[in-house]
Each structure stands twice: as C-alpha cells, then as structure tokens.
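One letter stands for each residue in the lines below.
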Amino acid sequence: LKILSAPTGTGFAAATPIARQNLPMFPYRKMSRRPFSVTLLALLVLSFSVLNIYGFFWAQRQRDFLQALPLAVPVWYLLLRTSFWGIVGVAIFWGLWRGQSWVWLGAQIGFAGFALHYWLDALLLARTPALGWRAPFEWIATLMGLACAFYVLYSPRGRMFFSK
C-alpha cells in the first residue's frame, strides 16, 4: 500500500484520498476544534459580561439609594456603562465560542476599549485615595490581562481558529 503515491504523470491532484488526509494542516485552513486557550478566554469574557449585566440589574434595583449618594457621575451613566459592556462582552463571548472570523479584530478592540474605559473611569471619576496604593497593582493586572488575551488571539492556533 503506497500512501503518498500518485499515478505517474498525473501530478499531485491525482493523489489518493488517503494521501490528502495525511497532509499537514495549512495555515489558511480553518480549525474545527476550539483551542483550549480560546475556551478559557471565552469563559473569562463571559464571566466579566455576567458581572456587568448583574451590575446593571443591581443598579436598577438600587437606583434610589445610588441617587442619594454623592456620586461623580449620574446613575444613568452607571446603567449605560454596565449594560454596554455586558452586551459587548456577550457578543465577544459568542464570537470566541463559535470561532467567528469577525471576533479576532472585534475582541482586540473590545479588550482595549474596556481597559481604556476602566482606567479613564478610575482616573477621572473615582475620587478616592485608595487608588494611589492600588494603582500599580491594577496597572500590572490590566497589562497582564491584555497581554494574555492578545497572546491567545495572535497565537498560531488562535489565528488559525479565527481564519475564514
């Protein structure tokens, strides 16, 4: 049994079906199985989304209490922020889980936008002295989280999984 042989003079296209099955996976071919790192990233995105959606419903229930507090932003901003990131997160989760090609770029924009929004909120709106001592840890955690997420997306298996 010659696995990689083809009839003489017919070229590579006439190779046996067994030979085609044994060819290495080319980078332009879409992976059928989701890599474990993509699964972990998708579940992490889902957990952040659920927390944001929970925050939306909690703020909705506690609206009177929140309006009585001396907040730097109106309550509608809190509702809008948590609902926006909850919806965006669910969309990114679904794209990561299903291996949609659009999510490769969409996740990068979403992750960078979430980190930027978090830090703009922390620096411009959260007037608390606690930010001073915890800021270095939060910067490091943000950068490490972004680095891990981008590594998953830019790894060869990640790029292959999200290719068209």
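Scope of this entry: the structure provided in the associated data block. None of these values were measured; they are calculated from a predicted model.

Parameters and conventions
Residues numbered from 1 in each chain as written. Predicted model: local features only at pLDDT ≥ 70, side-chain atom pairs only at ≥ 80, totals over all residues. Heavy atoms only, no water. Helix = DSSP H or I, 4+ residues; strand = E, 2+ residues; numbered from the N terminus. Buried < 20%, exposed > 50% of the residue type's maximum accessible area, 1.4 Å probe, protein only. Contact = heavy atoms within 4.5 Å. Areas by Shrake-Rupley, 256 points an atom, 1.4 Å probe, with all protein chains shown as cover. Expected span 1.5 Å × (residues − 1). Salt bridge = Lys/Arg side-chain N within 4 Å of Asp/Glu carboxyl O. Core = buried A, V, L, I, M, F, W, Y, C linked by side-chain atoms within 4.5 Å. Phe/Tyr/Trp six-rings, centres within 6.5 Å; stacked < 30°, edge-to-face > 60°. Axes fitted to C-alpha atoms, helices over the stretch in contact; angles between N-to-C directions. Parallel < 35°, antiparallel > 145°, perpendicular 65-115°, else oblique. Left-handed = near helix turned anticlockwise from the far one by under 90°. Nonpolar A, V, L, I, M, F, W, Y, C, P; charged D, E, K, R; others polar.

Concerning the overall build of the chain
Thinking step 1. When helices and strands are counted, the chain shows seven helices and zero strands.
Thinking step 2. Going from the N terminus to the C terminus, the chain shows its helices and strands as α-α-α-α-α-α-α.
Thinking step 3. Evaluated residue by residue, the chain yields a buried proportion of 32% over its 164 residues.
Thinking step 4. Long-range pairs, those at least 24 residues apart, make up 68% of the contacts in the chain with a sequence separation of at least 6.
Thinking step 5. Of the roughly 11,300 Å² that the chain leaves accessible, carbon and sulfur atoms contribute 71%.

Some thoughts on helix H5 (residues 103–125)
Spacing of three or four residues puts side chains on the same side of an α-helix, whose turn is 3.6 residues.
Thinking step 1. Between its first and last C-alpha, H5 extends 30 Å over 23 residues, near the 33 Å set by a 1.5 Å rise per residue.
Thinking step 2. Of all the residues in H5, the buried ones are Val-103, Trp-104, Ala-107, Gln-108, Gly-110, Phe-111, Ala-115, Trp-119, Asp-121 and Ala-122.

With respect to the environment of Trp-58
Thinking step 1. Relative to the elements of secondary structure, Trp-58 occurs in helix H2 (residues 36–61).
Thinking step 2. Measuring from C-alpha to C-alpha, the distance between Trp-58 and Leu-79 comes to 9.3 Å, with 21 residues separating the pair along the chain.

Re the pattern of salt bridges
Thinking step 1. Taken as a whole and assessed by the stated rule, the structure comprises one salt bridge.
Thinking step 2. Salt-bridge contacts for Arg-81 lead to Asp-121; the nearest nitrogen and oxygen are separated by 2.8 Å. Linking Arg-81 in helix H4 (residues 75–98) with Asp-121 in helix H5, this pair joins segments that are 40 residues apart in sequence.

Notes on the nonpolar core
Thinking step 1. Ranked by size, the top nonpolar core spans 16 residues in total, and within it Leu-41, Ile-92, Leu-96, Phe-111, Leu-153 and Phe-162 carry the most contacts.
Thinking step 2. For this core, the elements supplying multiple residues, two or more each, are H2, H4, H5, helix H6 (130–154) and helix H7 (156–162).
Thinking step 3. Listed in part, the seven residues of the second largest apolar core include Val-73, Val-75, Tyr-77 and Leu-78.

What about the environment of Leu-125?
Thinking step 1. Counting through the fold element by element, Leu-125 comes out in helix H5.
Thinking step 2. Counting along the chain gives 54 residues from Leu-125 to Leu-71, while the straight-line C-alpha distance between them is 8.8 Å.
Thinking step 3. With residues near it in sequence (within four places) discarded, Leu-125 still touches Ala-72, Val-73, Tyr-77 and Leu-120.

Looking at the packing of aromatic side chains
Thinking step 1. Taken as a whole and judged by the stated rule, the model has 10 aromatic pairs.
Thinking step 2. Between Phe-84 and Trp-85, the ring centres sit 4.9 Å apart and the planes meet at 75 degrees, which makes this aromatic pair edge-to-face.
Thinking step 3. For Phe-84, a relative accessible area of 45% puts it in the partly exposed group.
Thinking step 4. Judged by its relative accessible area of 12%, Trp-85 falls in the buried class.
Thinking step 5. Measuring from centroid to centroid gives 5.1 Å for Phe-161 and Phe-162, while their planes differ by 70 degrees, and the two rings are edge-to-face.
Thinking step 6. Residue classification places Phe-161 among the buried positions, given a relative accessible area of 4%.

Considerations on the packing of H2 against H4
Thinking step 1. Viewed as axis vectors pointing N to C, H2 and H4 meet at an angle of 155 degrees, and their least axial separation amounts to 8 Å. Between H2 and H4, the angle falls in the class roughly antiparallel. Note on packing geometry: the crossing formed by H2 with H4 is left-handed.
Thinking step 2. Split by residue class, the contact of H2 with H4 holds 16 nonpolar, nine polar and no charged.

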